[in-house]
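Spelled out from the first residue to the last, the chains are:
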Amino acid sequence: MRLRSLLFVPGDRPERFAKAAESGADAIILDLEDSVAPAAKDKARAAVADYLAAPLSGPVRRLVRINPVDGDTLAEDLAAAQGCDGIMLPKSEGAQTVGALAARLAPGVRILPIATETPRAIFALGDYGEVADRLCGLTWGAEDLPAAIGAAGSRQPDGRYTSPYEMVRALTLFGAHAAGVAAIETVYPAIGDADGLAAYAARGAQDGFTGMMALHPAQVPIINAAFTPTPEQIIHAQSVIDAFDRAPDAGVLLLDGRMIDAPHLAQARKLLARAGLG
């Protein structure tokens, strides 16, 4: 499941579903949780169910963000999500939470946990390899956790994360790669700040995230560009692979005046895989 960009759309705004699906996002997330007021939950479930029951034109994946599994609406949420490609799991606390949800799903439905929304969740970020076969990725958020611990916020005045949330971000990144699943960067909330988004997404790609969530269709092209390897990157990666193909017994080679070794080869293969060429 290619997941460069995942666009949220409130479940109680069905007039936005088609536009979201046509935005160029690799996936849309039909939200039944935070963006829907309690009084509108039933309306959202009905709208999502109707949308998923209709034929879909185009390659976009359709995920549904349900409410937390320990609430009293799981059965209703999953009934509304019939026909989706995946479930976004809020308040996930590791493999145990995923397993409890997976037991209620058809085998082909993948799960995308939001893995950092409670204090307990942070200590389970290394557990997701146990349930990797049910996952389509791992992602994080910077809003629920500070609220859960009574922090004033997760960001400095200039928008940078404070040190606890930089740590949480990094742990999610490594937890995803340890499990062998897509590492999905969290949203950039300043919808009108295209330059800031481009810089944030580029940093995510540089750090090793493979995709990012979006809040508005206008963010999708910027995110897709950041997480799509450039022609120059593809050419270089192929050059690294070709060099080792020509010298399969070499441990270290010189390419364009620079040393390359096994980590560079692994990096090149992963880049071509992200480009759909590996």
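Residues numbered from 1 in each chain as written. Predicted model: local features only at pLDDT ≥ 70, side-chain atom pairs only at ≥ 80, totals over all residues. Heavy atoms only, no water.

The next point concerns a nonpolar patch on the surface. Taken together, the side chains of Val252, Leu254 and Met259 define a hydrophobic patch exposed on the protein surface, amounting to about 330 Å² of accessible area. Considering the arrangement of structural elements, one finds Val252 in the loop between α10 (231-246) and β9 (253-255). (Patch = residues over 30% accessible without salt bridge, like charges linked within 9 Å, V, L, I, M, F, W, Y side chains within 5 Å. Areas by Shrake-Rupley, 256 points an atom, 1.4 Å probe, with all protein chains shown as cover. Salt bridge = Lys/Arg side-chain N within 4 Å of Asp/Glu carboxyl O. Helix = DSSP H or I, 4+ residues; strand = E, 2+ residues; numbered from the N terminus.)

The tally for this structure, following the rule as stated, stands at 4 aromatic pairs. Note on Tyr188 and Tyr200: the rings are 5.6 Å apart at their centroids and 40° apart in plane angle, and the pair reads as tilted. With Tyr188 in the loop between β7 (183-185) and α8 (194-207) and Tyr200 in helix α8, this residue pair connects regions lying 12 residues apart in the sequence. Assigned by exposure class, Tyr188 and Tyr200 land together as buried. Among the aromatic residues, ring-to-ring pairing joins Trp140, Tyr161, Tyr188 and Tyr200 into one connected group. Lying across the ring of Tyr51, Arg62 places its NZ or CZ 5.3 Å from the centre. (Phe/Tyr/Trp six-rings, centres within 6.5 Å; stacked < 30°, edge-to-face > 60°. Buried < 20%, exposed > 50% of the residue type's maximum accessible area, 1.4 Å probe, protein only. Lys NZ or Arg CZ within 6 Å of the ring centre and 35° of its normal.)

All right, on to the packing of α10 against helix α11 (residues 262-274) then. The N-to-C vectors of α10 and α11 enclose an angle of 130°; their axes lie 9 Å apart at closest approach. Taken together, the axes of α10 and α11 are oblique relative to one another. For the pair α10 and α11, the sense of crossing is left-handed. From α10, Gln233, Ile234, Ala237, Gln238, Val240, Ile241 and Phe244 reach across to α11, where they touch Ala262, His264, Leu265, Ala268, Arg269, Leu271 and Leu272. Grouping the constituent residues of the contact of α10 with α11 by class yields 10 nonpolar, 3 polar and 1 charged. (Axes fitted to C-alpha atoms, helices over the stretch in contact; angles between N-to-C directions. Parallel < 35°, antiparallel > 145°, perpendicular 65-115°, else oblique. Left-handed = near helix turned anticlockwise from the far one by under 90°. Contact = heavy atoms within 4.5 Å. Nonpolar A, V, L, I, M, F, W, Y, C, P; charged D, E, K, R; others polar.)

With 4 bridges joining them, strand β4 (residues 86-89) and strand β5 (residues 110-113) adopt parallel strand pairing. Residue pairing across strands places Gly86 opposite Arg110, the latter belonging to β5. In the classification by handedness, the crossover that spans β4, the intervening helix α4 (residues 95-102) and the parallel β5 is right-handed. (Pairing = 2+ DSSP bridges. Right-handed = clockwise from strand over helix to strand, strands pointing away.)

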